[in-house]
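Listed here are the chains, written in short residue letters.
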Amino acid sequence: MGFKGILKNSVVIYLSSRYMTYFIQFVTSLLIAAKLGPFYFGIWGFILLLLNYFQQCHFGIYNSMNVLYVQHRETASEADGYIVNAIVLELYLALCIAVLYAVYAISGISLFEKYNADKYLLSVCCIGILQYFSNLFINVFRVKNRLIYVAFCQSIIVLLNFVCVFIFTGEALINALVLGYLAGNLLIVVLALASGVINFRGASVRGSLQIEILRKGLLLFLYNTGFYFIIISIRTIISGNYEVEEFGMFTFSFSLAHAFMLLLESLTFVVFPKVIGKLGTDDFEAVKAGLRRYRGVYVTLAHGLIYTALILFPLILHFFPKYSESLTSMNLIALTILMDTCRSGYTELIIAHNREKYLSIVTLFALAVNIVIALVLVKVIHCPFSFVILAAMLTYVIFSLLVSREANRIVGDGACIKWAEVFPLRLFIPFALALAISLLQTEYLIFLPLLAYLLLNIRECRQIVGEAGRILSKPETVNL
């Protein structure tokens, strides 16, 4: 493919915009942390935590719409019907949030005095409502292959925050960031309604479709929200049991560690509908081959990104002396996020075969295990805040083993756990090195995991390069 062809490639344009946005988001996070300091950054982190609660309490509406649209895409009117009825369900949810806020405001109860967050609560509720619609519309743009619109929606809030950080400081900066979230989500809603991507005329409001969306959505909700609540519960426990400054350092660590995985999440977002379509067939030999291929690229690439990040963390902290005590936390969070990728492919396979009930049950079990381990670390062992994240790391491992067992059962290999497939030795060795170095705080050896990774994954790295070239030359391979 020539240079002009690359410039016209929608996937390249989308990924380029995402990576540019992630770089801006990364720089913005660093600037916010520097301008706010650990205390005010702790307050900002708590506001983001509240927004995470709203964002995850979505009852699986847009997740369900995504899957149902893919499964019924051959009939345009039926597929569009799922979109319209998903919007109606989001309106019901928005009304519930408004009622709950009114009850809270009238009651006079104050639950967030430690973080002085009550004065932001109305704005947070408005952002939460808008997020329900913006997340739905972003998924509509994706299933209709409007990647340029997706790029705008996923970039606008970051760009608004980037501007704010150069104008405001201290508490005024927090107010400006909240307004940026409000304005950005509102712009996404306006764009979706003005773009014509939603065919209101071709679909009708039907209770049967809403029930179908909710039935599948509630199971997906229990899975997605329960799974994301693993990390949210860790943040909540730390926010309630440690000082505001310590929560600020944890928030800084999480923001920095997660920034590297965002590079991979953008590609996952692009290929997810296609993966669901490929893994949903009854040709189990093809499914197993596709699963190995997907995991071989995604999980391997994730390890490379994280081991590179571990080397960069000390360099970044050199410029942020106020957060110098957060290096161990940063390393352990990064390795925990890496453990999250072990489930990749297995959960998509289970969803594609409509086994959401199994996912929801396993997720709730994993969430309970996570909370118990975290509380033991905090209340019984009284460990530093940096080590609480180990609860989530262990939980991710348990969850990945359980979903791999179900995936093997679906493809006819029996209900068994194949550790060598979930966590092959070529990836386990560098991970074990990285974990030992982080726990022992011998960061001068942090280059060893990346070196071991490169030596043990030469073939897989070549496969990653090949897959990247295929997407560059044939962007239509990710289309529905």
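Everything that follows concerns the structure shown earlier in this document.
Overview of the structure. (Residues numbered from 1 in each chain as written. Predicted model: local features only at pLDDT ≥ 70, side-chain atom pairs only at ≥ 80, totals over all residues. Heavy atoms only, no water.)

1. Quick word on the nonpolar core
- Trp 44, Ile 234, Phe 252, Tyr 307, Leu 310, Phe 313 and Leu 335 are the most contacted members of the largest nonpolar core, which has 153 residues in total.
- Of all the elements, helix 2 (residues 10-56) adds the most residues to this core, at 15 residues.
- When residues no more than four places from it in sequence are discounted, the contact partners of Phe 313 are Leu 256, Ala 257, Phe 260, Leu 327, Met 330, Asn 331 and Ala 334. (Core = buried A, V, L, I, M, F, W, Y, C linked by side-chain atoms within 4.5 Å. Buried < 20%, exposed > 50% of the residue type's maximum accessible area, 1.4 Å probe, protein only. Helix = DSSP H or I, 4+ residues; strand = E, 2+ residues; numbered from the N terminus. Contact = heavy atoms within 4.5 Å.)

2. Remarks on the pattern of salt bridges
- Going through the model one piece at a time under the given rule, you end up with 10 salt bridges.
- The residue Glu 406 makes a salt bridge to Arg 355 at a minimum N-O spacing of 3.5 Å. Of this pair, Glu 406 sits in helix 14 (residues 390-410) while Arg 355 is found in the loop between helix 12 (346-352) and helix 13 (356-380), placing the two residues 51 residues apart along the sequence.
- Of the charged contacts, one joins Glu 406 and Arg 409 as a salt bridge, the two residues approaching to 2.8 Å between their closest N and O atoms. (Salt bridge = Lys/Arg side-chain N within 4 Å of Asp/Glu carboxyl O.)

3. Concerning the environment of Arg 462
- Summarising the element assignment, Arg 462 is placed in helix 18 (residues 458-473).
- Linking Arg 462 and Val 297, residues 165 residues apart in sequence, is a C-alpha distance of 9.7 Å.

4. Considering the packing of helix 3 (residues 61-71) against helix 5 (residues 121-143)
- Following both chains from N to C, one finds helix 3 and helix 5 inclined at 15°, their axes separated by 9 Å at the closest point. Between helix 3 and helix 5, the angle falls in the class roughly parallel. Crossing of helix 3 against helix 5: the hand is right-handed. Mapping the contact onto sequence places Tyr 62, Met 65, Asn 66 and Tyr 69 in helix 3 and Asn 135, Leu 136, Asn 139, Val 140 and Val 143 in helix 5.
- Taken together, the residues that form the contact of helix 3 with helix 5 break down as 6 nonpolar, 3 polar and no charged. (Axes fitted to C-alpha atoms, helices over the stretch in contact; angles between N-to-C directions. Parallel < 35°, antiparallel > 145°, perpendicular 65-115°, else oblique. Left-handed = near helix turned anticlockwise from the far one by under 90°. Nonpolar A, V, L, I, M, F, W, Y, C, P; charged D, E, K, R; others polar.)

Just distances and angles here, no functional claims.
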